[in-house]
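So you can see what is in the structure, the chains are spelled out below.
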Amino acid sequence: QLQLVESGGGSVQPGGSLRLSCAASGFTLDYYAIGWFRQAPGKEREGVSCIKSTGSSTSYADSVKGRFTISRDNAKNTVFLQMNSLKPEDTGVYYCARRTVAYCSGAGRYDYWGQGTQVTVSS
């Protein structure tokens, strides 16, 4: 079965850091771009970051540029999201998803999603 499992969420104070992991099973990540999304309470899901299948290119939402870093270790079949300088507005459920193509831009969609991991940033 194809599965993505997020981990690493939790509660942190503003300015703190968290490292999220997205572990894949049932398939190999090598051929797929992987995206991170988040959904805050009462808000629509938004894209946070995406990484090309090879890791050679990445993209970020303007709201997280300079603070978040996406990376991948294909040997471990895992994608990471390092979140630094966290703000209260970063609070939400974070999901990783498999993109149907190797690139983050252009045609494509996300077909498999993880269960999500909660990130709470508050004082």
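Residues numbered from 1 in each chain as written. Predicted model: local features only at pLDDT ≥ 70, side-chain atom pairs only at ≥ 80, totals over all residues. Heavy atoms only, no water.

What follows is about the environment of G16. The topology assignment puts G16 in the loop between β2 (10-12) and β3 (18-25). The sequence separation of G16 and S122 amounts to 106 residues, and the corresponding C-alpha distance is 9.9 Å. (Helix = DSSP H or I, 4+ residues; strand = E, 2+ residues; numbered from the N terminus.)

On to the packing of aromatic side chains, then. Any pair of aromatic rings gets described here by the distance separating the centres and the angle formed by the planes. For the structure on display, the rule yields four aromatic pairs. A ring pair is formed by F37 and W113, whose centres lie 4.7 Å apart and whose planes are at 50°; its orientation type is tilted. Here F37, found in strand β4 (residues 34-39), pairs with W113, found in strand β10 (residues 110-113); they are 76 residues apart in sequence, far enough to count as distant. The ring centre of F37 lies 5.5 Å from the NZ or CZ of R45, which sits over that ring. In this structure, R98 is placed above the aromatic ring of F27, and the distance from its NZ or CZ to the ring centre is 4.8 Å. (Phe/Tyr/Trp six-rings, centres within 6.5 Å; stacked < 30°, edge-to-face > 60°. Lys NZ or Arg CZ within 6 Å of the ring centre and 35° of its normal.)

On to the environment of V101, then. Tracing the backbone through its elements, the reader meets V101 in the loop between β9 (92-99) and β10. V101 gets classed as partly exposed once you look at its relative accessible area, which sits at 27%. Those residues within four positions of V101 in sequence are excluded, and the remaining contacts are Y31, Y32, A33, A107 and G108. (Buried < 20%, exposed > 50% of the residue type's maximum accessible area, 1.4 Å probe, protein only. Contact = heavy atoms within 4.5 Å.)

With that settled, consider the state of the cysteines. Should the sulfur atoms of two cysteines be covalently bonded, the bond is a disulfide. One pass over the full model with this rule turns up two disulfides. Here C22 pairs with C96 through a disulfide, and the sulfurs are 2.0 Å apart. When the S-S torsion is 75°, as for the bridge of C22 with C96, the disulfide is right-handed. With C22 in strand β3 and C96 in strand β9, the pair connects residues that are 74 residues apart, well separated along the chain. Of the two residues examined, C22 and C96, each falls in the buried class. Indicated for the protein is the disulfide connectivity 1-3, 2-4, based on numbering the bonded cysteines in sequence order. (Disulfide = S-S within 2.5 Å.)

In short, shape yes, function no, at least from these values alone.
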